Amino acid sequence: MSTENLPQSPDQPQRKPRVAVVFGGRSSEHGISMVTAGAVLRAIDRTKYDVLPIGITQSGRWVLTADAPDRMAITERRTPNVEQLAESSEGGVVLPVDPANREVVYTEPGSVPKALGEIDVVFPVLHGPYGEDGTLQGLLELSGVPYVGSGVLASAVGQDKEYMKRVFTSFGLKVGPYVVIRPREWERDESAARKKIIDLAGDHGWPLFVKPARAGSSIGITKVEDLSGLDDAIAEAQRHDPKILVEAALRGREIECGVLEFEDGPRASVPAEIPPPDAHAYYDFEAKYIDSTPGIVPAPLTPEETADVQRLAVDAYEAASCEGLVRADFFLTEDGEFVINEINTMPGFTPISMYPQMWQASGIGYADLVDRLIEAALRRSTGLR
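Remember, it's a predicted structure, so these values are computed and weren't measured experimentally.

A.B. asks: So what exactly am I meant to see when it comes to the overall build of the chain here?
C.D. replies: Looking only at helices and strands, the chain has 11 helices and 16 strands in total. A compact globule built from 385 residues should have a C-alpha radius of gyration of about 21 Å, and the chain, at 21 Å, falls within 12% of that. Counting only C-alpha atoms, the chain reaches 75 × 50 × 40 Å along its principal axes. Among the 385 residues that make up the chain, the fraction classed as buried is 54%. Of the roughly 16800 Å² of accessible surface on the chain, a fraction of 50% belongs to carbon and sulfur atoms. Here the chain carries 38 positive and 58 negative side-chain charges, and the mean point of each set is 2 Å from the other.

This is the structure in structure tokens:
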């Protein structure tokens, strides 16, 4: 979409498209969202777009924030938060709910609401529930505002690891052994629910990975080596999500592949490999974001293996009806088979994150990647498509 397509009054000069970058949020991935937002704000071409930074606090308040990417970094092994950048401790931002009006309004107790102007596209860099899971996407659909990334269904499927696996299986993609424990199941009969997990270990051996079913960034995940660690792992996962997923360990190499929407459809990047981190039991939150365990880009695969994982990544993108971008994570097992672990509809997106690194190695730099995602969002309409 060019600026020629933007609504203009006859006496108004042509204006640049306005991008609202929305970040933070109520999930346990609030801080990582802030780091991603800092990178995106730094990369957006200000000669081409106007930018409005909007933060969502951990309590759910939408606020205006400083346009200060340098303050959105991990410092002293701690992630930032929206409250540190909010321009007011009481004011709030309200998105339009009328598809005919894209004007954002700022309100503060005791003051007249202030119109901040229209927005043309939202770049949501939220990770986890209440942002990446279709909730924000639903709000934007109701508002008639285009946005970067997948729609309501694909975002929800991409967030819920159980239904993600069910969708993949129905499309013929191979997934590893797992069981799901829903909250009512746990409340009704803990011993029966625990037996499901023990039976999984009996069939496939230890270790098991106990995860929140609807979280990301490896938060709340425990690698359980034997029965003695199971209860603590369940409690940790349930601290983040009452529904938990338990997976059997797969022996093999961790391979990732990015998918990006082009005008003629989705294409896959060169894949990357995540080597086992030296100082961590597996590729957990600290290995990813604090210690920045480096991946291998491109992955040392044969041409046939590379073509296979690229095809499967696009198949996963299409199976879940994704849009914009996806990072697809696989295991290459010892018998040479790719097993899909999960997709991320809004993957980690700092310049050192694997998704941008894979596209950098594929010939698309970070700033160009951000621009392509905004352009793809501006090409799409909201509503059924």
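A.B. asks: Looking at this model, I keep getting lost on the nonpolar core. Mind explaining?
C.D. replies: One broad trend across soluble globular proteins is that nonpolar side chains are buried collectively. Val21, Ile44, Phe123, Phe349, Val370 and Ile374 are the most contacted members of the largest nonpolar core, which has 37 residues in total. Listing elements by their share of this core, those giving two or more residues are β1 (18-24), α1 (30-43), β7 (121-124), β12 (252-262), α10 (354-361) and α11 (366-379). The greatest single-element share of this core, amounting to seven residues, is contributed by α11. With sequence-adjacent residues up to four places away left out, Ile44 is seen in contact with Val19, Val21, Tyr49, Val51, Val370 and Ile374. Counting residues in each nonpolar core, the second largest holds 27 residues, with Val175, Ile255, Ala313 and Ile340 among its members.

A.B. asks: Looking at this model, I keep getting lost on the pairing of strand β16 (residues 338-344). Mind explaining?
C.D. replies: Residues in a regular strand point their side chains to alternate faces of the sheet. Of all seven residues making up β16, seven are buried, and the element is well covered by its neighbours. Judged from the six bridges that link them, strand β15 (residues 325-333) and β16 form a sheet pairing that is antiparallel. From the neighbouring strand, Phe330 faces β16, where its bridge partner is Ile340.

A.B. asks: I keep staring at the side chain of Arg327 and nothing clicks. Help me out?
C.D. replies: As for its position among the elements, Arg327 is in strand β15. Take Arg327: its relative accessible area is 10%, and that puts it in the buried class. A polar contact of 2.9 Å, which involves the side chain of Arg327, links it to the side chain of Asp329.

A.B. asks: I tried to follow the packing of aromatic side chains on my own but got confused; where do I start?
C.D. replies: Here the distance between the centres and the angle between the planes together describe a pair of aromatic rings. In the structure shown here, the tally under the stated rule is five aromatic pairs. Judged by centre distance (6.0 Å) and plane angle (55 degrees), the rings of Phe262 and Trp359 are tilted. Here Trp359 lies in helix α10 and Phe262 lies in strand β12, a separation of 97 residues in the sequence. For the pair shown, Phe262 and Trp359 are each scored as buried. Joined through ring pairs, the aromatic side chains of Phe123, Phe349, Tyr355 and Tyr366 make up one cluster.

A.B. asks: So what exactly am I meant to see when it comes to the pattern of salt bridges here?
C.D. replies: Oppositely charged side chains can form a pair if their charged atoms are brought close together. Going through the model one piece at a time under the given rule, you end up with 32 salt bridges. The shortest N-O distance in the salt bridge between Arg311 and Asp315 comes to 3.6 Å. Taken together, the positions of Arg311 and Asp315, both in helix α9 (residues 303-319) and four residues apart, correspond to about one turn of that helix. A residue is classified by how much of its surface remains accessible, and Arg311, at 44% relative accessible area, is partly exposed. Taking the relative accessible area as the measure of exposure, Asp315 reaches 32% and is therefore partly exposed. In this structure, the salt-bridge partner of Arg372 is Asp368, at a minimum N-O distance of 3.4 Å. Taken together, the residues span about one helical turn, with Arg372 and Asp368 both in helix α11 at a distance of four residues. Judged by its relative accessible area of 30%, Arg372 is partly exposed. Taking relative accessible area as the criterion, Asp368 reaches 32% and is therefore assigned partly exposed. One salt-bridge network, in which partners are shared between bridges, spans Glu141, Glu261, Glu323, Arg380 and Arg385.

A.B. asks: Just checking my understanding: could you explain α1 for this structure?
C.D. replies: Helical periodicity: at 3.6 residues per turn, an α-helix aligns residues three or four positions apart in one direction. For α1, with 14 residues, the first-to-last C-alpha span of 20 Å sits near the 20 Å given by 1.5 Å per residue. With 13 of its 14 residues buried, α1 lies for the most part within the structure.

A.B. asks: Would you mind going over the environment of Ser111 with me for this structure?
C.D. replies: Its location among the elements puts Ser111 in the loop between β5 (103-107) and β6 (114-118). Separated by 20 residues in sequence, Ser111 and Gly91 have C-alpha atoms that sit 9.5 Å apart.

What counts as what
Residues numbered from 1 in each chain as written. Predicted model: local features only at pLDDT ≥ 70, side-chain atom pairs only at ≥ 80, totals over all residues. Heavy atoms only, no water. Helix = DSSP H or I, 4+ residues; strand = E, 2+ residues; numbered from the N terminus. Rg over C-alpha atoms; globule rule 2.2 N^0.38 Å. Buried < 20%, exposed > 50% of the residue type's maximum accessible area, 1.4 Å probe, protein only. Areas by Shrake-Rupley, 256 points an atom, 1.4 Å probe, with all protein chains shown as cover. Lys, Arg positive; Asp, Glu negative; His and termini not counted. Charge placed at Lys NZ, Arg CZ, Asp CG, Glu CD. Core = buried A, V, L, I, M, F, W, Y, C linked by side-chain atoms within 4.5 Å. Contact = heavy atoms within 4.5 Å. Pairing = 2+ DSSP bridges. Polar contact = N/O pair within 3.5 Å; in protein donor to acceptor, adjacent residues only side chain to side chain. Phe/Tyr/Trp six-rings, centres within 6.5 Å; stacked < 30°, edge-to-face > 60°. Salt bridge = Lys/Arg side-chain N within 4 Å of Asp/Glu carboxyl O. Expected span 1.5 Å × (residues − 1).

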